[in-house]
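# Coordinate inspection notes
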Amino acid sequence: MTDPVSITVHVNGTAHTRRVEPRLLLSDFLRHELGLTGTHVGCEHGVCGACTVLIDGRSARSCLTLAVMADGQDIETVEAQGTQEDLGRIQRAFRDHHALQCGFCTPGFLMTIADMLRHHPLENDEQIREALSGNLCRCTGYQNIVAAVRELASERGPIE
Amino acid sequence: MTQADISVELRPKLVGSRVKRTEDPRLLTGTGQYVDDIKLADMVHVAILRSDQPHALIREIRVGDTSSVPGLIGIYDWTDLEGEVRPAIPTSRMKGYYATPYWPLARGKVRYVGEPVVAVVADSRYAAEDALGLIEIDYEPLPFAIRQVDAVREDAPLLHEEAGTNVIVERTFMRGDIEDAIASAPVVVRGQFRMTRKTATSMECRSYLAEYDTRRRALTLWTSSNIPGIIRDALSDALDLPGSRMRVVAPDVGGSFGGKGSLYHEEMLVCLLARKLERPVKYVADRLEELSSSSQAFDQLIDGELAVARDGTFLGLRCDVIGDIGAYSIYPWTGGIEPVQVISFMPGPYKIEHYHGRVRAVLTPKPPTGPYRGVGRPSSTFAMERLIDMAARELGMDPADLRRHNLVSDGEFPYRTAPGIIWDQSAFQQCLAGAREAIGYDGLRVWQEQARAEGRWVGIGISSYAELTGIGSRIAVAPGMPINTGTETAIIRIDSTGAVEASFGIASHGQGLETTLAQVIADELGCAMDDVVVLQGDSSLVPMSSGTYASRSAVIAGGAATQASRALKGKVLRMAAHVMAEPVEDLEAERGWIRSRTSNAGMTFKEVARAVYLQMGTIPRDIREDLTVTETYDPFLGTACSSTHICVAEVDRETFGVRLLKYVVAEDCGRIINPMIVDGQVHGAVAQGIGAALLEEIVYDDEGQLVTASLADYLLPLASDVLDMQIVHIEAELPNNVGGFRGMGEGGTIGAPAAIANAISDALAPLGLGIQTLPATPERLFQLIRPHLNTLEENTK
Ligand code: FES
Ligand code: FES
């Protein structure tokens, strides 16, 4: 163990300065230090994608990232996408298409899709399924998640 | 149909509509609350040192210098808990059964790699894990038999000496004269089928948090369980606490599929530690612990024989099954739950007169097997449906026609199967016909011929099955189990603000029961759906509860909701009649309004509630009724849910990987509460069946070590492994229960492995090969096909 170090992380637009152990995972930092429990942990070995957040706009596994590595960076978590009263666009598509059941994998999917919609072609189901294949869902069989993304991709149109 | 039913029929209904889920807003925004999201003041964390030995005596446990770990609070093994807890014993009335006791930590001996031995408590999980490194355990290894075929032998080393055997369950079901049926049949097909070990693998790992209230001397356990009521009763016995001081809450739960549907050591452990330390104690399994210590599933070896007449009539069926149940008989279901179910459901939805099914459940040094979506029937359906396809080939008959010839048909219900399951009226034939039509079966056979001519390995696979759902008090969900799982209590009350609060003993963990039960209540009570809050997943809500499992909640809780709503509506209308000075027979309630059919008078539920509770004197006290109702529903028997799956698969000639090209499910689940949710259940269950068929396998090596200890080794289906499926809902006669619902949460997992195995076998039929072991991984297929590759090349030259 090494001594705690001071870091400043911008999460959903707010700067948080904390002293943390260098080994602290970003997922634990978000969940337990900041109380942002929308980011979930399903495997802690980089396979399930439940812990996906955006780091400087790109999706990343917060369980494979140390909190100290996020020092000075912009993090976006599911809490930034919308509220219960005012769901964000991706969240609404998920609700309309019944793309969640237990909801545990859902925040990870929402963050992955936010990135994919900005950066990936998503022109057909094969591309959509490929884009989603870094996130595991055990409940839905993916069919309705694919349908939600199909709708989101169609209203977005092709990326430049 | 009763009067009440008709009035409900005439209105636009919520039941049957694609109502969006009430649960979604909180789950989509990260405001859901899973156990690990709960943070209590003074909370401490547990890490667990688990056995690295499959079978060994614990000689000594040594702890190094604890001052090196700041934040360490305590280290506990079983000796520290003696006298504070009684074991949980999964009793059963099964003859010759031995119930292995469950303790929070291994007691002097370990029986599988992953069994909890020592608990470390610290002020953070990081510190607790640091301290694991200080502990050394001296084991004296004992001999063991890791494979079921070895463990059943009489000279096999015993895991539980007290049992005197490793075979703790043995059952036989028979009808007719199977010997004669087989000896005299013109066609007999046989095979040995192996459904390998799986695990449910919900995305949320098992998580527990216990709090001890020193003032009330009461414990609360928050658990990621789908059976909080059963856990409450078990802990109440184990810790000697009345239910008033032992509460078990399942908040939002991140999936279970059965894997969180048994009592776990760690649930007992955190309660004991919280009481000992008088601080909240949290334990969250990591994925390695989840894969090596959560209940596992299936692992059946089935020798099957099917005797068939020339015209295709099934004459007799024999099966001999060895189920590998791991090191303990799981609480409360017993080790019989999976294997006994295999021989109970082996004949499936078919008419078979002569039957002999024998099963032995054998202990091996692995985590215990428990319920996993489908329980027993994924294995039995796989074996049975393979035998049927083998028979079709032998007879030169189309496999769909052979099924049609033998399925129980309208007019033959209720049908009693040889093992004693009673199928009530259900659309067995219509499901087969519906799936055939939807996938364009006859056209597909033509397409297949062409594809084969091009050298492609493509096949079509069918499976038909039925399951017993919504089982009432007449039958135990698990063999001989003395726990009642056949009733459900609904308490519905309207408070002084007009809000409707409905409490149940179920525990939703993805099924959307807060939505579907509110749909039922809003329809039956006549209130607005938005005014209904469904409370569930908490043992303190109703006097006796169990949870959500065995496809029971829609049927039994739906029935209780219906009855309670009808009774409450009676009260509301009687009170409204008095206030409105109208005859009660003229009143009708709809979407929160009570109106008279004969005048313009009307009032809201809220106004009725105010009149009853707040406006003294509006209703005379001798006729005033509280707006609360408690109703318990017991469907007594269960109801059949049936389905046919048809899929098209292609085996890649280069990679030996299997690709599914088409998938259709036709199913009869009775009256549908919410088609969107029903379809979602089918999608998810079929995906799990695809996993079981092609990807998922828990592997133990000869040393008893778990080889598939991460999600990179235990492969779950990805979005790119599955496909869009088509679902056909067959509207057939409704079952004879309140509401007309059938349970449908498990079926996909039952039908898919068999259908896929048949499709692959059909693809490989020109090579004379068939699938007998699942999953059909590329490696397995390569080994199967390799000896035939030369002949194949010759033929194609
Ligand atoms: S928790 Fe990070 S990928 Fe699974
Ligand atoms: S919704 Fe449960 S894991 Fe995806």
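See above for the structure.
These remarks concern the structure in this document. Throughout, a residue's number is its position along its own chain's written sequence, starting from 1. Note on labels: chains are lettered from A, ligands numbered from 1, in written order. Only residues with pLDDT of at least 70 are given local features in this predicted model, and only at 80 or more are side-chain atom pairs given and counted; all residues enter the totals for whole chains, interfaces and linings. Values reported for side chains reflect all heavy atoms of the structure, with hydrogen atoms and water molecules removed beforehand.

### A look at the nonpolar core
We call a set of buried residues a nonpolar core when its members are Ala, Val, Leu, Ile, Met, Phe, Trp, Tyr or Cys and they connect through side-chain atoms within 4.5 Å of each other. Buried residues are those whose accessible area, probed at 1.4 Å on protein chains only, stays under 20% of the maximum for their type, while exposed residues exceed 50% and partly exposed ones sit between those limits. Counting 213 residues, the largest nonpolar core has Phe94(A) and Tyr663(B) as its most contacted members. No other element matches the nine residues that helix 10 (residues 377-395) of chain B contributes to this core. Look past the residues within four positions of Phe94(A) in its chain and what remains in contact with it is Ala99(A), Leu100(A), Thr106(A), Phe109(A), Leu110(A), Ile113(A), Ile145(A), Ala148(A) and Leu28(B). Core analysis: the next-biggest nonpolar cluster, separate from the first, contains 49 residues, Phe504(B), Val532(B), Ala557(B) and Met580(B) among them. Working definition: helices are DSSP H or I runs of at least four residues, strands are E runs of at least two. Numbering for both runs from the N terminus. Contacts are residue-level and defined by heavy atoms, with any inter-residue pair within 4.5 Å sufficient.

### Regarding the interface of chain A and chain B
Opposite the 49 residues of chain A that make contact, chain B presents 56 residues. Surface buried jointly by chain A and chain B totals about 4400 Å² across both partners, of which 55% is contributed by carbon and sulfur atoms. The salt bridge partner of Asp724(B) is Arg129(A), with a shortest N-O separation of 2.7 Å. Polar contacts, as counted here, are pairs of nitrogen or oxygen atoms within 3.5 Å of one another; within protein the pair requires one atom able to donate a hydrogen and one able to accept it, and residues that are adjacent in sequence qualify only if both atoms are side-chain atoms. In this assembly, chain A and chain B are joined by 31 residue pairs in polar contact (both at pLDDT 80 or more). The term buried area means the drop in 1.4 Å probe accessible area that two parts suffer when joined, counted for both and summed. For salt bridges, the criterion is a side-chain nitrogen of Lys or Arg within 4 Å of an Asp or Glu carboxyl oxygen.

### Regarding the packing of helix 2 (residues 89-96) of chain A against helix 5 (residues 143-156) of chain A
Residue and element names in this part refer to chain A. Think of each axis as a best-fit line through the C-alpha atoms, taken over the contacting stretch in the case of a helix, with angles from 0 to 180 degrees between the N-to-C directions. At a minimum axis separation of 9 Å, helix 2 and helix 5 run at an interaxial angle of 135 degrees. For the element pair helix 2 / helix 5, the angle class is oblique. Regarding helix 2 and helix 5, the two cross each other, and that crossing is right-handed. Packed against helix 2, whose contacting residues are Arg 89, Ile 90, Ala 93 and Phe 94, the element helix 5 presents Ile 145, Ala 148, Glu 151, Leu 152 and Glu 155 at the interface. Angle categories are assigned with fixed cut-offs, so that under 35 degrees is roughly parallel, over 145 is roughly antiparallel, 65 to 115 is roughly perpendicular, and the rest are oblique. Rotating anticlockwise by less than a right angle from the far helix to the near helix defines a left-handed crossing, while the corresponding clockwise rotation defines a right-handed one.

### Here we look at the sheet that holds strand 4 (residues 109-110) of chain B
Residues and elements named next belong to chain B. For two strands to be treated as a pair, DSSP must find at least two bridges joining them. The strand order 4-2-6 describes an open sheet built from three strands, whose pairing is antiparallel. Two strands in the sheet have a free side with no partner beyond their single neighbour: strand 4 and strand 6 (135-141). Relative to strand 4, strand 2 (residues 56-63) is paired through two bridges, and the arrangement is antiparallel. Across the sheet, the residue bridging to Leu 57 is Lys 109, located in strand 4.

### Notes on the sheet that holds strand 22 (residues 587-590) of chain B
Residue and element names in this part refer to chain B. Read across the open sheet, the three strands follow the order 22-23-24; overall the sheet is antiparallel. In this open sheet, the two edge strands, each paired with only one partner strand, are strand 22 and strand 24 (602-604). Adjacent strand axes in the sheet meet at a mean angle of 20 degrees, parallel and antiparallel pairs treated alike. Note: strand 23 (residues 593-596) against strand 24, three bridges, orientation antiparallel. Counterpart to Ile 594 in the pairing with strand 24 is Met 603. On the sheet, helix 15 (residues 553-580) packs against strand 22, strand 23 and strand 24 and is oriented at approximately 120 degrees with respect to strand 22.

### Things to note about the side chain of Thr106(A)
As for its placement among the helices and strands, Thr106(A) is situated in helix 3 (residues 106-119). Side-chain polar atoms of Thr106(A) contact the backbone oxygen of Gly103(A), separated by 3.3 Å. Beyond its immediate sequence surroundings of up to four residues, Thr106(A) is in contact with Phe94(A), Leu100(A) and Leu28(B).

### Some points on unusual backbone geometry
Cis geometry is adopted by the peptide bond preceding Pro332(B), which originates at Tyr331(B) and carries an omega value of -5 degrees. Tracing the backbone through its elements, the reader meets Pro332(B) in the loop between strand 14 (314-326) and helix 9 (337-345). Put simply, Leu774(B) and Pro775(B) share a cis peptide bond, and its omega is 5 degrees. A positive phi angle, close to 55 degrees, is found at Glu44(A), a residue other than glycine. Inspection of the secondary structure assignment puts Glu44(A) in the loop between helix 1 (26-33) and strand 3 (52-55). A positive phi is found at His98(A), a non-glycine position, where the angle reads about 55 degrees.

### Concerning the packing of aromatic side chains
We call Phe, Tyr and Trp rings a pair once their centres come within 6.5 Å, taking the six-membered ring for Trp, and we label the pair stacked below 30 degrees between planes, edge-to-face above 60, and tilted otherwise. Counted under the stated rule, the structure contains 14 aromatic pairs over all chains. Taken together, a centroid distance of 5.2 Å and an interplanar angle of 90 degrees make the contact between Phe104(A) and Tyr34(B) edge-to-face. Remark: Tyr34(B) occurs in the loop between helix 2 (24-28) and strand 1 (44-50) and Phe104(A) occurs in the loop between helix 2 and helix 3; the pair is interchain, linking two chains. The burial state of Phe104(A) is the same as that of Tyr34(B); both residues are buried. Between Phe109(A) and Tyr142(A), the aromatic rings sit 6.3 Å apart at their centres with planes inclined by 55 degrees, giving tilted as the arrangement. With Phe109(A) in helix 3 and Tyr142(A) in the loop between helix 4 (125-132) and helix 5, this residue pair connects regions lying 33 residues apart in the sequence. The class of Phe109(A) is buried, set by a relative accessible area of 0%.

### Details of the side chain of Thr223(B)
Residues and elements named next belong to chain B. Here Thr 223 shows up in strand 10 (residues 218-223). Overall, Thr 223 belongs to the buried group, its relative accessible area being 0%. A polar contact is formed between the side chain of Thr 223 and the side chain of Glu 267, at a distance of 2.7 Å. Aside from chain neighbours lying at most four places away, what touches Thr 223 is Val 35, Ser 207, Tyr 208, Val 248, Val 249, Ala 250, Pro 251, Val 253 and Glu 267.

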